[in-house]
Amino acid sequence: MSVSYKAVGWNAFKKRYDLILVGAIVLFLAAFVGVGSAIFPFVTFEILLIKAFAAAGIVVLHFILMIGPMARLDRRWLPLLYNRRHLGVAMFLLGFIHALLAVMTYHAFGTENMILSIFTQDAGTTMGSFPFQAFGFVALLILFVMAATSHDFWLANLTAPVWKTLHMLVYVAYVALVIHVAFGILQAETSPVYVVFMGLGLSAVVGLHLAAGWKQRDLDQELAGGPAEDGYVAVCAVEDLVENEPHGACLGGERLAVLLYEENKISVVSGVCQHQNGPLAEGKFVFGCLTCPWHGYQYKPDDGSSPEPFTERIPTFNVKVADGTVWVDPKPNPAGTRVEPAAI
Amino acid sequence: MQRFHRDCHRLIWLILGPLVIAAFIYALTNRPEMPVMDAVPGEGPRSPETQGRN
């Protein structure tokens with residue numbers, strides 16, 4: 001959360017995160033090249049580098065794709081989500097270096113344009129000449145766009161829904177990269193190591209996303225029972241609420257965060273963070289604010305606005321308590337509108 | 001996350017998941033018996049000693 005433009009809003013956690021990330025990548029590359037040259041001494045250094053950067057990039061991409069669903073399934077993974085965009089930029093750089101080395105090694109000495117030859121030199125219809133490099137090129141282009149827009153500047157200017165949609169292209173890039181690997185190196189590689197690791201990674205990514213999607217599906221179940229005469233809808237029983245712990249509900253297709261705080265106050269706000277549409281009902285109540293579990297954006301429960309000097313705001317809902325039940329007007333108030341908390 | 005993005009996520013993985021696994025299995029089960037990187041220019045079939053290791 002930053003009130004003014006900064007290239008990177010550094011804090012101690014981000015520095016530690018990036019230090020571990022860079023250290024792990026350097027170790028991985030060194031180990032790959034070291035072990036590779038020991039086992040296959042006839043393989044040239046540049047080929048080892050091409051493979052090392054590709055392998056590192058694929059590992060980081062799998063890690064990136066697994067963090068999201070893992071955090072939805074188990075909150076203990078949330079700290080990894082906080083700085084995921086730096087992982088994404090690192091992954092793009094690894095892929096870019098791999099591509100650069102591969103193009104310089106395999107395409108730089110022909111008469112054809114280097115980039116053009118990526119699409120023409122391996123074009124064909126048989127398995128052995130499947131245009132796997134074109135898939136790698138497309139994936140790299142997508143990853144470039146994502147890395148270039150992995151900043152709150154673009155998030156603010158594009159708006160969260162557009163930015164989010166744009167960054168869902170990572171799944172297209174992932175499919176392109178799986179095809180790039182499966183129809184490229186795995187066609188030539190006799191060792192089962194690559195096949196096993198790629199298969200495990202693929203299964204983990206697909207399995208975790210399906211599992212997280214299934215869990216989220218339960219949370220999207222609409223509330224039973226229609227609205228009362230005054231239009232209010234029962235969202236939960238008061239006894240379901242735990243003080244200072246947001247409670248999630250789904251109303252009209254969107255999620256709400258219901259909060260009991262200061263002993264007897266109940267407020268209801270949108271459950272969607274304005275930053276990256278994070279799940280506010282899965283966050284914590286910190287310093288009098290509902291705090292998004294993804295990146296720590298905060299909102300006051302009575303008016304849905306961020307504490308000064310921040311300017312983010314989310315819609316609020318009129319709320320009342322009757323017969324031990326929390327009732328909510330399904331029509332949201334404009335973002336930042338103060339609503340008197342219901343008292344119990 | 002907004003409902004639209006949650007639904008998109010589910011739809012994407014319900015479709016892409018099986019598809020990408022199928023493509024992966026297809027690629028593996030159709031590997032040439034003597035794998036060569038003939039997609040890469042300048043590399044032809046190699047001797048059994050170096051087969052597929054560069």
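Conventions we followed
- Residues numbered from 1 in each chain as written.
- Chains lettered and ligands numbered in written order.
- Predicted model: local features only at pLDDT ≥ 70, side-chain atom pairs only at ≥ 80, totals over all residues.
- Heavy atoms only, no water.
- Helix = DSSP H or I, 4+ residues; strand = E, 2+ residues; numbered from the N terminus.
- Buried < 20%, exposed > 50% of the residue type's maximum accessible area, 1.4 Å probe, protein only.
- Contact = heavy atoms within 4.5 Å.
- Areas by Shrake-Rupley, 256 points an atom, 1.4 Å probe, with all protein chains shown as cover.
- Lys, Arg positive; Asp, Glu negative; His and termini not counted.
- Charge placed at Lys NZ, Arg CZ, Asp CG, Glu CD.
- Pairing = 2+ DSSP bridges.
- Axes fitted to C-alpha atoms, helices over the stretch in contact; angles between N-to-C directions.
- pLDDT = per-residue confidence, 0-100.
- Salt bridge = Lys/Arg side-chain N within 4 Å of Asp/Glu carboxyl O.
- Phe/Tyr/Trp six-rings, centres within 6.5 Å; stacked < 30°, edge-to-face > 60°.

**Student:** Looking at this structure, how should I read the overall build of chain A?
**Tutor:** Of the regular secondary structure elements, chain A holds eleven helices and eleven strands. Counting the 344 residues in chain A, one finds 48% classified as buried. Look at the contacts in chain A between residues 6 or more apart in sequence, and 56% of them connect residues 24 or more apart. Just so you have it, chain A exposes about 16500 Å², and 67% of that area is on carbon and sulfur atoms. A distance of 6 Å separates the average location of the 21 positive side-chain charges in chain A from that of its 27 negative side-chain charges.

**Student:** Teacher, can you tell me more about the overall build of chain B here?
**Tutor:** Secondary structure assignment for chain B yields one helix and zero strands. As displayed, chain B has an accessible area near 3100 Å², and 66% of this comes from carbon and sulfur atoms.

**Student:** Just checking my understanding: could you explain the sheet that holds strand β1 (residues 233-237) of chain A for this structure?
**Tutor:** Strand pairing in a sheet relies on backbone hydrogen bonds. The paired strands run either parallel or antiparallel. Residue and element names in this part refer to chain A. Read from one edge to the other, the open sheet built from three strands follows the order β1-β10-β9, with strand pairing classed as antiparallel. Each edge of the open sheet is held by one strand with a lone partner, namely β1 and β9 (319-322). Strand-to-strand twist of the sheet, defined as the mean angle between neighbouring strand axes without regard to direction, takes the value 30°. With four bridges connecting them, β9 and strand β10 (residues 325-328) associate as antiparallel partners. Bridge pairing in β10 links K320 to W327.

**Student:** Even after reading the chapter, I still don't get the confidence of the model for chain B, so can you show me in this structure?
**Tutor:** Should pLDDT be low for a region, the predicted coordinates there are not to be read in detail. All names here are of chain B. When pLDDT is averaged along chain B, the result is 70, and 57% of the positions lie at 70 or above. Throughout residues 37-45 the model reports pLDDT below 50, and contacts reaching past four residues in sequence, or to other chains, amount to 24 contacts. Taken as a whole, residues 50-54 scores under 50 in pLDDT and shows 22 contacts with residues more than four places along the chain or in a different chain. Across the assembled chains, the prediction reports ipTM 0.72 with pTM 0.78.

**Student:** Please explain the pattern of salt bridges as it appears in this structure.
**Tutor:** A pair can form between side chains of opposite charge whenever their charged atoms are brought close. Residues and elements named next belong to chain A. Tallied over the entire structure, the rule returns nine salt bridges over all chains. In this structure, R72 engages E282 in a salt bridge whose closest nitrogen and oxygen atoms are separated by 3.1 Å. Placement of R72 in helix α2 (residues 45-73) and of E282 in the loop between β4 (265-270) and β5 (284-286) is noted, with a sequence separation of 210 residues between them. Taking the shortest distance from any N to any O, the salt bridge between R338 and E340 comes out at 3.0 Å. Exposure remark for E340: the relative accessible area of 55% places this residue in the exposed category. Residues joined by salt bridges that share partners form a network here, namely D302, R338 and E340.

**Student:** Would you mind going over the environment of A335 of chain A with me for this structure?
**Tutor:** Residue and element names in this part refer to chain A. Take A335: it is sitting in the loop between β10 and β11 (342-343). In this structure A335 comes out as partly exposed when scored by relative accessible area, which is 31%. Each C-alpha atom, one on A335 and one on N157, is 18 Å from the other, the two residues being 178 residues apart in sequence. Each residue touching A335, except ones within four places of it in the same chain, is listed here: R313, I314 and P315.

**Student:** How do you make sense of the sheet that holds β5 of chain A when you look at a structure like this?
**Tutor:** Residue and element names in this part refer to chain A. Strand order in the open sheet formed by three strands is β5-β6-β7, and the pairing between neighbours is antiparallel. The sheet is open, and its two borders are formed by β5 and β7 (298-299), each paired with just one other strand. Two elements, strand β6 (residues 289-291) and β7, share two bridges in a ladder whose sense is antiparallel. Bridge assignment links T291 to a residue of β7, and that residue is Q298.

**Student:** Any chance you could explain the environment of L65 of chain A here in plain terms?
**Tutor:** Residue and element names in this part refer to chain A. Relative to the assigned elements, L65 resides in helix α2. L65 sits 136 residues away from G201 along the chain, and the two C-alpha atoms are 9.9 Å apart. For L65, the residues in contact, after removing those within four places along its chain, are V170, Y171, Y174, V205 and H209.

**Student:** Whenever I open this one, the packing of aromatic side chains confuses me. Can you help?
**Tutor:** Aromatic rings considered in pairs are described by the distance between their centres and by the relative angle of their planes. Residue and element names in this part refer to chain A. According to the stated counting rule, one finds nine aromatic pairs over all chains in the structure shown. Between the aromatic rings of F92 and F144, the centroid separation amounts to 5.7 Å while the plane-to-plane angle is 50°, which identifies the pairing as tilted. Taken together, the residues span a long stretch of sequence, with F92 in helix α4 (residues 84-106) and F144 in helix α6 (residues 132-148) at a distance of 52 residues. One aromatic cluster in this structure is built from F92, F96 and F144.

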